[in-house]
Amino acid sequence: MTRIKYWWITLLIRLGRLKHFSLSPDELNNMLSANLPWPIPLILPAGKGTLQVMSASVRLPDNQFRLELFCDLKVDIGGVRLYQAHVLATLHGKPSYMRTQSSIRATQVSLTDLRLIQDDHLIFRSSATLLNRLMPEAIGGWLNASLDVFAGSLYKETKSYLDLYLSGNKQKVLDFHKPQIERQLIEQVNQGGLDYQLDHNLPDERLFARLGQNVKVEEGKLLFLFHS
């Protein structure tokens, strides 16, 4: 865009003749890809877990963002991979212009769906077998002989958590982690983890950073409004 054209468009905006420009969902998807992959740590009773957002898809129904996040969920304890699943998380929110950050963000976010897509769930035949994999050899051998009566507080919480995997119910494991996944996803989005930062090298976005007022969804597109 030439300087004269840029100046002319700026004048049209100030005169109220140019009220907005718009972006389609496909264009927004390309913008979101700059933030991915997006790892989110999970707190576990033992070991570590990670929810990694691999791809994001935007839909724009009736002044809402609908974000469909394709995620890889992994749980490791003592170097042993207990669980790996592909998960689809669907978030709903409203688009907002964060003026001080020059970014677009989904606000008033809620998790409306969390479901398994593909699962590489690992099954162990008994809690003794599982704990034997996770503990040093000597401790593991002792547990094999006495697990049924073992009640030490040090292992209670871990054993209760590991029993989820022994149930063989893949959804049950996901449901256990759902409250934390929901909390972490919403917190991260609210903190700007999936913000789109306006690119000052692009004339439209540079103009909006200077003169923009708000954003809204209309007819399946995101409108960047220069006048409220």
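Below is a short write-up of the structure.

**Points about the overall build of the protein chain**
A tally of helices and strands in the protein chain yields 7 helices and 9 strands. Carbon and sulfur atoms make up 50% of the accessible area of the protein chain, which amounts to about 12,500 Å² in all.

**Let's talk about helix α6 (residues 170–190)**
For α6, spanning 21 residues, the distance from its first C-alpha to its last is 29 Å, which sits close to the expected 30 Å at 1.5 Å a residue. Lys 178 marks the point of greatest bend in α6, at about 45°, and the proline Pro 179 comes within the next four residues. Burial in α6 covers these residues: Val 173, Leu 174, His 177, Gln 180, Ile 181, Gln 184, Leu 185, Ile 186 and Val 189. Just downstream of α6, Gly 192 is the residue with a positive phi angle, here 100°.

**With respect to the packing of aromatic side chains**
This structure, assessed with the given rule, holds 2 aromatic pairs. Between Phe 208 and Phe 224, the ring centres sit 5.0 Å apart and the planes meet at 85°, which makes this aromatic pair edge-to-face. A residue pair is termed long-range when its members are at least 10 positions apart, and Phe 208 in helix α7 (residues 203–211) and Phe 224 in strand β9 (residues 221–225) qualify at 16 residues. Note on Phe 208: relative accessible area 0%, which makes it buried. Aromatic rings pair up to connect Tyr 97, Phe 208 and Phe 224 into one cluster.

**What to know about the nonpolar core**
Membership of the largest hydrophobic core comes to 57 residues, with the highest contact counts inside it found for Leu 69, Tyr 83, Leu 185, Leu 222 and Phe 224. Broken down by element, this core gets its largest block of residues, 8 residues, from strand β5 (residues 80–98).

**Digging into the pairing of β5**
Judged by how many residues are buried, β5 sits mostly within the fold: 16 of 19 residues are covered. Note: strand β4 (residues 65–77) against β5, 13 bridges, orientation antiparallel. Paired with Arg 66 across the bridge in β5 is His 92. Connecting β4 to the antiparallel partner β5 that follows it, the hairpin turn spans 2 residues, and Gly 78 within it adopts a positive phi of roughly 55°.

**Focus on the pattern of salt bridges**
Opposite charge on two side chains lets them pair, provided their charged atoms get close. Counted according to the given criterion, the structure contains 6 salt bridges. A salt bridge links Arg 59 to Glu 68, with the shortest nitrogen-to-oxygen separation between them at 3.4 Å. With relative accessibility at 41%, the residue Arg 59 sits in the partly exposed group. Between Arg 105 and Asp 195 there is a salt bridge whose closest N-O contact spans 2.8 Å. Residue Arg 105 is located in strand β6 (residues 103–119), and its partner Asp 195 is located in the loop between α6 and β7 (196–197); the two are separated by 90 residues in the primary sequence. Like Arg 105, the residue Asp 195 is buried in the burial classification.

**Structural notes on unusual backbone geometry**
Following Leu 36, the chain continues into Pro 37 via a peptide bond in cis, with omega recorded as -5°. Topologically, Pro 37 is positioned in the loop between α2 (25–32) and β2 (38–42). The phi dihedral of Ser 102 is positive, around 50°, even though this residue is not glycine. Among the secondary structure elements, Ser 102 is positioned in the loop between β5 and β6.

Conventions we followed
- Once a new chain begins, its residue numbering starts again from 1 and follows that chain's sequence as written.
- The predicted origin of the model limits local features to residues at a pLDDT of at least 70 and limits the giving and counting of side-chain atom pairs to 80 or more, whereas totals for whole chains, interfaces and linings rest on all residues.
- The side-chain figures draw on all heavy atoms in the structure; neither hydrogens nor water molecules are used.
- The helix count covers DSSP runs of H or I at least four residues long, the strand count covers runs of E at least two residues long, and both are numbered beginning at the N terminus.
- Areas reported here follow the Shrake-Rupley algorithm with a probe of radius 1.4 Å; residue values treat only the protein chains shown as occluding.
- By this rule the span expected of a helix is its residue count minus one, scaled by 1.5 Å.
- Consider a residue and the seven residues that end there alongside the seven that start there; fitting an axis to each set, the bend is the angle between those axes.
- Burial classification: accessible surface area is computed with a 1.4 Å probe over protein chains only, and a residue below 20% of its type maximum counts as buried, one above 50% as exposed, and the rest as partly exposed.
- Working definition: a ring pair exists when centres of Phe, Tyr or Trp rings (six-membered ring for Trp) sit within 6.5 Å. Plane angles under 30 degrees give stacked, over 60 give edge-to-face, the rest tilted.
- Residue types Ala, Val, Leu, Ile, Met, Phe, Trp, Tyr and Cys, when buried and joined through side-chain atoms within 4.5 Å, form a set referred to as a nonpolar core.
- Here, a strand pair is defined by DSSP locating no fewer than two bridges between the strands.
- Whenever a carboxyl oxygen of Asp or Glu lies within 4 Å of a side-chain nitrogen of Lys or Arg, that contact is scored as a salt bridge.

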